[in-house]
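# Notes for the structure review
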Amino acid sequence: MGFESMSKAPWVRIDKVGEHSGEIVEIRGWLSRLRSSGKISFLQLRDGSGNIQGVMAKADVGEEIFAKSKSVGQESSLRAWGKVNPDERAPGGYELHLTDIEVLHHAEGYPITPKEHGTDFLMDHRHLWLRSNRQHAILKIRAEIMKGIIDWLDDHDFLRVDTPILTPSACEGTTTLFETDYFESKAYLAQSGQLYNEATAMAFGKVYTFGPTFRAEKSKTRRHLMEFWMVEPEMAFCDFEENMRVQEQMLEYVAQRVLEKRARELKVLERDTAKLENIKAPFVRLAYDDAVKLLNEKGVEFAWGGDFGGGDETIIAESFDRPVFVHRFPTAIKAFYMKPDPERPEVVLGADLLAPEGYGEVIGGGQRLDDLALLEQRIKDHHLPEEAYAWYVDLRRYGSVPHSGFGLGLERTVAWFCGLEHVRETIPFPRMLSRLYP
RNA sequence: UCCGAUGUAGCUCAGUGGUAGAGCAACCGGCUGUUAACCGGUUGGUCGUAGGUUCGAACCCUACCGUCGGAGCCA
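Predicted, not measured: the structure shown is a model, and the values here were computed from it.

Residues in close proximity to RNA strand B total 44 residues, the closest being Arg-35, Glu-95, Arg-215, Arg-222 and Arg-412. The contact atoms of RNA strand B, taken as those within 4 Å of the protein, divide so that sugar and phosphate hold 52%. A distance of 2.8 Å separates a base oxygen of RNA strand B from a polar atom in the side chain of Arg-35. The separation between a base oxygen of RNA strand B and a polar side-chain atom of Ser-219 is 2.7 Å. Put simply, the parts of the chain that give the surface near RNA strand B at least two residues each are β1 (24–36), β2 (40–46), α3 (119–124), β11 (227–236) and β17 (360–367). Element by element, the count of residues in the surface near RNA strand B is highest for β17, at four residues. For the surface near RNA strand B, the residue count by class is ten nonpolar, 15 polar and 19 charged.

Below, the structure written as structure tokens:
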């Protein structure tokens, strides 16, 4: 459709109207809500950048134009012209005194009304729900976290080298994978870029991959999605301790940046920002052995050698005022590529980062096994197909070095920063056990 | 896969054996400062599905299906 100007008024984004105070401007957007009386109507307008209230008085515009304002359905698209007026009553500080509107498309029966809705209904209408203020706040914070992570890594000499999504086999062999046809053979959707990262780290030194990963586990909890985004940095010549320092510095930077740049969005979500101020290095370091003792002291029956459940993680995390690294897990419960502690081979040089407030494990990482013979042995012990891992073993054959890395789950981090009940709102179109639509 | 909830109007819910209800949305009308606007009216139902008990079932029983939460697994 053509947008030939009805006037000389400039088209302005709502978040920039303050630069045009007192001037006539054009807004292009959607009607989020309409209230009207006999001689005055209030049009809540949004254009993706913000919200502003347009006010139209019959006495100012006349019968004909005023009539147009009374028959606009919720979420109709329109152009609106009016004078930008500072007003103390307006949430954004400005109102638009309308002189005219042009409805581009009349919407009728918009399903998401100003009243309450259940989550399932809203998820069925996710394509429309994204228009709400709350979803805007969450997804803007998501974007800020992603940008913060990327900026920090790029500024610290990491090279983004993304890894494949279609893979020939399991990276870890333990979890369920989504299978798809790959011409005459099978391919699997990647559950981690980890092993490929080790190859690119040997090529470029410090690398990261940032993209979607897939788990076909039938998990039905507030912390799980079938498709989620993960950032996975990997560093050559990096030991277990340095790896944790990188993680805490990166997270501190991202948290402080979100607090600074997305204060308005955090307010929309009514987030207690004091909880986020605490995301400062150094984080707590708690040996697995001590975590077991801590659980026992709190009355939880837990034997050395087991893995923590969601409830256990919450108890551990709530014992501290900042994120906690739980390190040196039993070798038997961790992946084959983790490096055993040379002084205590029954534990590995790995650490999970537990977020406070019950958000659980947001990072898993550690030092990788760099010894050729031991790696070959562990692949046998885990009954993994040797041919499939030949290239991975090669990395220990040609210039093996100590190296470490980690994977941070984006959606859990977003849920944590935003203070959400469930990760499903942290991604535009969540993929869950019983949801593939829209 | 297991455990526990739950399913009634487009939405959120009430109704626990005797005529199917409310608020909101939609539609019509009224109102000059609303901001989950307000006031009056209209429209709107295979009570998840299939069987059973009963004179009579949204309600009691059985099975199945869907959804939600949790466990396991993980980020």
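Still more to cover.
Next up on the list: the pairing of strand β18 (residues 403–409). With seven of seven residues buried, β18 lies mostly within the body of the structure. Where burial is concerned, the two faces of β18 agree: the one with His-403, Gly-405, Gly-407 and Gly-409 and the one with Ser-404, Phe-406 and Leu-408 are both buried. Relative to β18, β17 is paired through five bridges, and the arrangement is antiparallel. Residue pairing across strands places Gly-366 opposite Gly-405, the latter belonging to β18.

Next up on the list: the nonpolar core. Ranked by size, the top nonpolar core spans 51 residues in total, and within it Ile-145, Ile-149, Leu-153, Leu-251, Ile-279, Trp-416 and Phe-417 carry the most contacts. At the level of elements, α5 (133–155), β10 (206–214), β11, α7 (240–261), β16 (350–355), β17, β18 and α14 (410–418) are the ones that each hand at least two residues to this core. Top contributing element to this core by residue count: α7, with nine residues. Membership of the second largest hydrophobic core comes to 30 residues, among which are Ala-291, Val-292, Leu-295 and Val-326.

It is worth spelling out the pattern of salt bridges at this point. Under the criterion given, the structure shown has 35 salt bridges. Ionic pairing is found between Glu-144 and Arg-262, a salt bridge with its closest N-O pair at 3.1 Å. On the criterion of sequence distance, the pair formed by Glu-144 in helix α5 and Arg-262 in the loop between α7 and α8 (263–268) is long-range, its members being 118 residues apart. Under the relative-accessibility criterion, Glu-144 is labelled buried at 9%. With its nearest N and O atoms 4.0 Å apart, the salt bridge here joins Glu-376 to Arg-397. Of this pair, Glu-376 sits in helix α12 (residues 372–381) while Arg-397 is found in helix α13 (residues 390–397), placing the two residues 21 residues apart along the sequence. In this structure, a network of salt bridges that share partners links the residues Glu-144, Lys-147, Asp-151, Arg-257, Arg-262 and Glu-265.

For chain A, the assigned domains read domain 1 (14–105) and domain 2 (126–426). Centre-to-centre, using C-alpha coordinates, domain 1 lies 46 Å away from domain 2. Contacts between the two partners involve six residues from domain 1 and, on the opposite side, four residues from domain 2. Roughly 390 Å² of surface becomes buried between domain 1 and domain 2 when both sides are summed, with 34% attributable to carbon and sulfur atoms. For domain 1, the biggest contributors to the area lost against domain 2 are Arg-46, Gly-48 and Asn-51; these three give 66% of the whole. Inspection of the region where domain 1 meets domain 2 yields one salt bridge. Measuring nitrogen to oxygen at the nearest pair gives 2.9 Å for the salt bridge that ties Arg-131 to Glu-75. The interface formed by domain 1 and domain 2 holds two residue pairs in polar contact (both at pLDDT 80 or more) in total.

Conventions we followed
- Residues numbered from 1 in each chain as written.
- Chains lettered and ligands numbered in written order.
- Predicted model: local features only at pLDDT ≥ 70, side-chain atom pairs only at ≥ 80, totals over all residues.
- Heavy atoms only, no water.
- Near = heavy atom within 4 Å.
- Polar contact = N/O pair within 3.5 Å; in protein donor to acceptor, adjacent residues only side chain to side chain.
- Helix = DSSP H or I, 4+ residues; strand = E, 2+ residues; numbered from the N terminus.
- Nonpolar A, V, L, I, M, F, W, Y, C, P; charged D, E, K, R; others polar.
- Buried < 20%, exposed > 50% of the residue type's maximum accessible area, 1.4 Å probe, protein only.
- Pairing = 2+ DSSP bridges.
- Core = buried A, V, L, I, M, F, W, Y, C linked by side-chain atoms within 4.5 Å.
- Salt bridge = Lys/Arg side-chain N within 4 Å of Asp/Glu carboxyl O.
- Domains from an automatic or database assignment.
- Contact = heavy atoms within 4.5 Å.
- Buried area = accessible area lost by both parts, 1.4 Å probe.

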